[in-house]
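Spelled out, the chains give:
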Amino acid sequence: MNCGDIDKLSALWHSGELEGADQKAFDAHLAACPACAAEIREQWNNDTRLQEAMAEEPADTHGVEQRVMRQIARERMRRWLVRGLVPGLAAAAAIAAAVLYLTSPRGTPVNPAILADAARDHTVEVVKQAPRRWRTAPADIAAIETSQGISDSDVKALETTGYKLERAKICRLGGTPYMHLVYGKNGREFSVYMRVRGAQSVRETASNSGDLQLAAFTRGRVQAVIVTDAPRGECARFTRDAEAAL
Amino acid sequence: MNNREQEFDEVAMPQARNLLRFARRLTSDPSAAEDLVQETLMRAWRGFDQFRGGTNARAWLFRILLNTFYGQGRKGRLTVVPLGETDRAGANGNHVAFEITDALQRLPADQRTVLMLGAVEGFTCREISEMLHIPMGTVMSRMSRARQAMRLQLDLASKVYSQKES
């Protein structure tokens, strides 16, 4: 190893990265070469002086640390908002929107006269079983459907509620013709007054009149008014299932 | 505060002083150095998930600082830092500290950077090579030239000081 090699490898020697044979050869050269030894020794001393001078140099980090901690706090809050609160708020907003949609008035309100007529009609014709000209034969019922423009599939779809179609006839609610369908199960009967809706949908309605439960909804092209003397929960289930079936 | 954030506080924040001291040699003014350190620590905080525990946190932080500095388009614009007399002379205001820091400031920027990283911060040539994205041989040669230049500067300063004293 010559003086040029010492100059070349001195950085590795200072950092302790010189190893094995190179380390031995380097040290051997320093032992034999006073000039290189003095140079390396002086470099070592200067490094030490530089380290000491830098260590003494004032470096107040309080301000920086405070700013960093404040910024971290802000970013932590931002992360929390993005990862936690925002999805939570979005979900809450979605739920609120859904609730608002479901509970907000849609379409036109059902004419009270129609509900009153439906309640009276159901009481007289179904509960009190006043003699009426009911149609029970499928062909006859189909004829009524045709005359009213109602799809047979819609009528049959309501049987997916678990209640069977028992009879049907035409009646008038608020002066408007409706197909009055009676669905029953285990002696419990539901009157479904069905018609093809006009330009306007009726507002989804649920109310009661005495012992009767009433509901109204529009689904697709069908408008339905439901009346029953069944309990409120059973009426709600039937209405929900009927609406889903149409 | 979760465990990871607590680990950041324990690993990174104690390095603020070393980072600031180094940043002051890189930037043109102390406030710019503080900004650089702040940005470095924030980048480290954001990327702390990538830091592997047990590895050299100092090297990781200095690498971020240098990347941040050079990423700001500052490469090649390293200037002599106009530090105050107190800063350059050290807390004790002694002439030795003044001479050594003055000599450091007179070095070319590339030599000053490797000397600070190697002689002051104690990084190996390999680590400096990775930090600065330059070949190991370049680090070695810059380091060697920096030490020789420092010696010449200090010899000259010593002679001037001796003449003044006499």
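Residues numbered from 1 in each chain as written. Chains lettered and ligands numbered in written order. Predicted model: local features only at pLDDT ≥ 70, side-chain atom pairs only at ≥ 80, totals over all residues.

Caption draft 1: How the structure looks around the environment of B:R17. Here B:R17 shows up in helix α2 (residues 16-26). Of the residues examined, B:R17 has 18 C-beta atoms within 10 Å and is grouped as partly exposed. (Helix = DSSP H or I, 4+ residues; strand = E, 2+ residues; numbered from the N terminus. Buried ≥ 20, exposed ≤ 12 C-beta atoms within 10 Å, placed from the backbone.)

Caption draft 2: Fine view of the environment of A:V225. Residue and element names in this part refer to chain A. Along the chain, V225 turns up in strand β6 (residues 222-228). The spacing of V225 and A118 is 107 residues in sequence and 7.6 Å in space, taken between C-alpha atoms. Apart from the residues within four sequence positions on either side, V225 is in contact with V110, I114, L115, A118, L173, Y193 and A216. (Contact = placed C-beta atoms within 7 Å.)

Caption draft 3: Up close: the pairing of strand β2 (residues 176-185) of chain A. Residue and element names in this part refer to chain A. Judged from the nine bridges that link them, strand β1 (residues 164-173) and β2 form a sheet pairing that is antiparallel. Among the inter-strand pairings, L173 is bridged to a residue of β2, identified as T176. The hairpin turn running from β1 into β2, its antiparallel successor, is two residues long, and G174 in that turn takes a positive phi close to 60 degrees. As consecutive antiparallel partners, β2 and strand β3 (residues 188-196) are separated by two residues, and within that stretch N186 has a phi angle of approximately 55 degrees, a positive value. (Pairing = 2+ DSSP bridges.)

Caption draft 4: Structural view of helix α1 (residues 3-15) of chain A. Residues and elements named next belong to chain A. In this model, α1 (13 residues) spans 19 Å end to end at C-alpha, consistent with the 18 Å of a helix rising 1.5 Å per residue. Most pronounced at L9, the bend in α1 amounts to some 55 degrees. The set of residues buried in α1 consists of I6, L9, S10, A11, L12, H14 and S15. (Expected span 1.5 Å × (residues − 1). Bend = angle between axes of the 7 residues up to and from the residue.)

Caption draft 5: Spatial organisation of the interface of chain A and chain B. Listed as interface residues are 28 residues of chain A and, on the opposing side, 34 residues of chain B. Broken down by element, the side of chain A that touches chain B gets its largest block of residues, ten residues, from helix α3 (residues 34-56) of chain A. Classifying every residue of the side of chain A that touches chain B by side-chain character gives ten nonpolar, eight polar and ten charged. (Nonpolar A, V, L, I, M, F, W, Y, C, P; charged D, E, K, R; others polar.)

Caption draft 6: Examining the nonpolar core more closely. If you look at the biggest cluster of nonpolar residues, it comprises 54 residues, and the most contacted ones within it are B:A23, B:V37 and B:L65. Among the elements that take part in this core, helix α4 (residues 57-74) of chain B stands out by supplying seven residues, more than any other. (Core = buried A, V, L, I, M, F, W, Y, C linked by C-beta atoms within 7 Å.)

Caption draft 7: Unusual backbone geometry, seen in detail. Located in the positive-phi region is A:N186, a residue other than glycine, with phi close to 55 degrees. Overall, the presence of 7 C-beta atoms within 10 Å leaves A:N186 in the exposed class. A positive phi angle, near 60 degrees, is found at B:H133, a position not held by glycine. When you line up the elements, B:H133 lands in the loop between α8 (125-132) and α9 (136-165). B:H133 gets classed as exposed once you count the C-beta atoms within 10 Å, which come to 10.

Caption draft 8: Quick look at α3(A). Spanning 23 residues, α3(A) covers 33 Å between terminal C-alpha atoms, matching the ideal 33 Å at 1.5 Å per step. By the burial criterion, the buried members of α3(A) are A:C36, A:I40, A:Q43, A:N46, A:L50, A:A53 and A:M54.

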